[in-house]
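Commentary on secondary and tertiary structure
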Amino acid sequence: MSKVLGLHHITAIAGSAQENVAFYTAILGLRLVKKTVNFDDPGTYHFYYGDEYGRPGTILTFFPWQHMAKGRNGAGMATEIAYSIPKGSMSFWEKHLQKNGVSLDHKVERFGDIYQPFTDPDGLQLSMVETGLEDNRQGWQVPEIDQGVATKGFFNTTLTLRELEPTARILTDLLDYDQVAQEGNRFRFVNPHVTSANTIDIWVDPKAQRGSNLAGTNHHIAFTVENSEDQMKLREEILSAGLHITPQIDRDYFHSLYFREPGGVLFEIATKQPGFTVDEPLDRLGQALKLPKQFEAHRNEIEAVLPVIKETR
């Protein structure tokens, strides 16, 4: 079996591009590591936020459509993203978020860890969590958020499903996850090959309505593989399991495969390489608009329709 190495990235849908950049850079303190466009709609941005390098397991990406209606979480979707934060930093984040006008929901305990839920400007469900696990990743530092409190990357994401078993089999039989715990209708799966961004929760609600995949919802979640060789081996395993999966697609910063698991969540398999420094140096990541080569000849037209972004660093 080809090894899956935890989460690679999560892609969501937003409304205002300016609000999205301001929230994730100035308030959450993430680095905008790439500013490019949607391969299927080049008149729309595609933003990538993460740590200094945009390492797998830290990358949250967005398609912002200016006048997109608000979506609704529901069955067949990834419905929450939890960020790992350093031990002892929860009080900082509570004060920092509230100071910046972010409303906090009531804290919840899951599998012994305390989560602080909140939402982004479009209603995307996020949480901060201090876990009892060692997380040696270094977060991106901005003036108000230093290394001692900066988010480290994903801890886990939650999938909302009407039934457990079909999706659980995909996670355990194809994607290298182990089912490790259960609390009520919440089931936890952990990938043993990596020590961070390696956790998936499934929340089972047989009566859950289907979600509406518009602004403030997650479009898909991506899992990491080391290289294209491992990726294509995994593709054969997924095909052998009777699932439809796309051919390999070059996304410039990684190669991708897409398939929809039985519960309806869109899964992606993404390679580690070539990474985000393939077309701009590390110290200038995210500063210039980078276009896929097939759109470069149309740069002037594309730039004319994209909203002007005032970046906050």
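For the structure itself, look to the data block above.
Figured I'd write up the structure that's included with this text. Since this is a predicted model, take the numbers as computed values, not measurements.

**Description of helix α4 (residues 228–240)**
Between its terminal C-alpha atoms α4 stretches 18 Å, which fits the 18 Å expected from 13 residues at 1.5 Å a residue. Residues of α4 that are buried include every one of Asp230, Gln231, Leu234, Arg235 and Ile238, and no others. On an axial view of α4, the arc spanned by its buried residues comes to 145 degrees, and they lie on one face. What points out from α4, more than 90 degrees from its buried face, is the exposed set Glu229 and Ser240. On its buried face, α4 is in contact with α3 (165–174), β13 (218–225), β15 (255–260) and β16 (266–271). One side-chain oxygen of the residue at the start of α4 lies 3.2 Å from the amide nitrogen of Glu229, identifying that residue as Asn227. In the segment just after α4, Gly242 is the residue with positive phi, at about 90 degrees.

**Some remarks on the pairing of strand β4 (residues 59–64)**
Taken across its six residues, β4 has six buried, putting it largely inside the fold. Pairing of strand β1 (residues 7–14) with β4, which is carried by six bridges, proceeds in the parallel orientation. Residue Ile10 lies in a different strand from β4, and its bridge partner there is Leu60.

Definitions and limits used
Residues numbered from 1 in each chain as written. Predicted model: local features only at pLDDT ≥ 70, side-chain atom pairs only at ≥ 80, totals over all residues. Heavy atoms only, no water. Helix = DSSP H or I, 4+ residues; strand = E, 2+ residues; numbered from the N terminus. Expected span 1.5 Å × (residues − 1). Buried < 20%, exposed > 50% of the residue type's maximum accessible area, 1.4 Å probe, protein only. Arc of directions from axis to C-beta. Contact = heavy atoms within 4.5 Å. Polar contact = N/O pair within 3.5 Å; in protein donor to acceptor, adjacent residues only side chain to side chain. Pairing = 2+ DSSP bridges.

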